[in-house]
Amino acid sequence: MAGQGEEDVPRDAKIVKSLLKSMGVEDYEPRVVHQFLEIWYRYVVDVLTDAQVYSEHATKSTIDCDDLKLAIQSKVNFSFPQPPPREVLLELATSRNKIPLPKLIAGLGVPLPPEQDTLLSPNYQLVIPKKSASIEPEEDDEDVTNPAPQTSQ
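Residues numbered from 1 in each chain as written. Predicted model: local features only at pLDDT ≥ 70, side-chain atom pairs only at ≥ 80, totals over all residues. Heavy atoms only, no water.

A closer look at the overall build of the chain
Part 1: Summing up its helical and strand segments, the chain has 5 helices and 0 strands in all.
Part 2: Helices and strands in the chain line up, N terminus first, as α-α-α-α-α.
Part 3: Excluding contacts between residues fewer than 6 apart, the proportion of contacts in the chain whose partners are at least 24 apart in sequence is 36%.
Part 4: Element-wise, carbon and sulfur atoms account for 59% of the exposed surface of the chain, whose accessible area totals about 14900 Å². (Helix = DSSP H or I, 4+ residues; strand = E, 2+ residues; numbered from the N terminus. Contact = heavy atoms within 4.5 Å. Areas by Shrake-Rupley, 256 points an atom, 1.4 Å probe, with all protein chains shown as cover.)

Next up, the structure:
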């Protein structure tokens, strides 16, 4: 990737390329440099914006080194959380490991969890509607055999 129009490349892009080269990355796509530059610029803008807010809060007219340090420290604290101390992890592991694992039931094949805990069992129930107790009135046999009543003249 190096050597493609080095004289036309901005200084920041040259710095990103030299960082990649110092880390042993020789083969990369050209857009990787642009992505690093975008992340870099966004980070700098965020830090400077936070430093300006801290400076205004302290009623200072300009941003000084303390504002920048505070902005960077707050950015690091929120962006990269620290893992818990080793002692805390050891204490949690000790308390968790006090509970023994359940005994395995020797059987053939792969041991599976109970059927109610698997995705193989049906997870729905069918509700069959009950027939209503209402009875429709039956028609008279006369009306069915003689649909049109005769009128006397």
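Let us keep going from here.
Focus: the packing of aromatic side chains
Part 1: Scanning all chains against the criterion turns up 1 aromatic pair.
Part 2: Centroid distance Trp40 to Tyr41: 6.3 Å. Interplanar angle 20°. Geometry classified as stacked.
Part 3: The class for Trp40 is partly exposed, based on a relative accessible area of 33%. (Phe/Tyr/Trp six-rings, centres within 6.5 Å; stacked < 30°, edge-to-face > 60°. Buried < 20%, exposed > 50% of the residue type's maximum accessible area, 1.4 Å probe, protein only.)

Considerations on the side chain of Ser74
Part 1: Mapping Ser74 onto the fold places it in helix α3 (residues 65–79).
Part 2: Looking at Ser74, the relative accessible area reads 13%, which means it is buried.
Part 3: Leave out the neighbours within four places in its chain, and Ser74 touches Asp50 and Tyr54.

What about the pattern of salt bridges?
Part 1: Counted by the stated rule, this structure contains 6 salt bridges.
Part 2: Here Arg11 and Asp12 are joined by a salt bridge, their closest N and O atoms 3.8 Å apart.
Part 3: Residue classification places Arg11 among the exposed positions, given a relative accessible area of 63%.
Part 4: With a relative accessible area of 17%, Asp12 lands in the buried category.
Part 5: Between Arg31 and Glu29 there is a salt bridge, with its nearest N and O atoms 2.8 Å apart.
Part 6: What makes Arg31 exposed here is its relative accessible area of 52%. (Salt bridge = Lys/Arg side-chain N within 4 Å of Asp/Glu carboxyl O.)

Description of the packing of helix α2 (residues 30–57) against α3
Working note: a packed helix pair is described by the angle between its axes plus the distance between those axes.
Part 1: Here α2 crosses α3 at 125°, and the two axes come no closer than 8 Å. In terms of orientation, α2 and α3 fall into the oblique class. Like other packed secondary-structure pairs, α2 and α3 cross with a definite hand, here right-handed. Listed contacts from α3 to Tyr43, Asp46, Val47, Leu48, Asp50, Ala51, Tyr54 and Ser55 of α2 are Asp67, Leu68, Leu70, Ala71, Ile72, Ser74, Lys75 and Val76.
Part 2: Its residues placed into classes, the contact of α2 with α3 shows 10 nonpolar, 2 polar and 4 charged. (Axes fitted to C-alpha atoms, helices over the stretch in contact; angles between N-to-C directions. Parallel < 35°, antiparallel > 145°, perpendicular 65-115°, else oblique. Left-handed = near helix turned anticlockwise from the far one by under 90°. Nonpolar A, V, L, I, M, F, W, Y, C, P; charged D, E, K, R; others polar.)

Topic: a nonpolar patch on the surface
Part 1: A contiguous nonpolar patch, built from Trp40, Tyr41, Tyr43, Val44, Leu48 and Ile72 and spanning about 510 Å² of accessible area, is present on the exposed surface.
Part 2: Take the nonpolar patch: its biggest share by element is 5 residues, from α2.
Part 3: By the element assignment, Tyr41 lies in helix α2.
Part 4: Overall, Tyr41 belongs to the partly exposed group, its relative accessible area being 43%. (Patch = residues over 30% accessible without salt bridge, like charges linked within 9 Å, V, L, I, M, F, W, Y side chains within 5 Å.)

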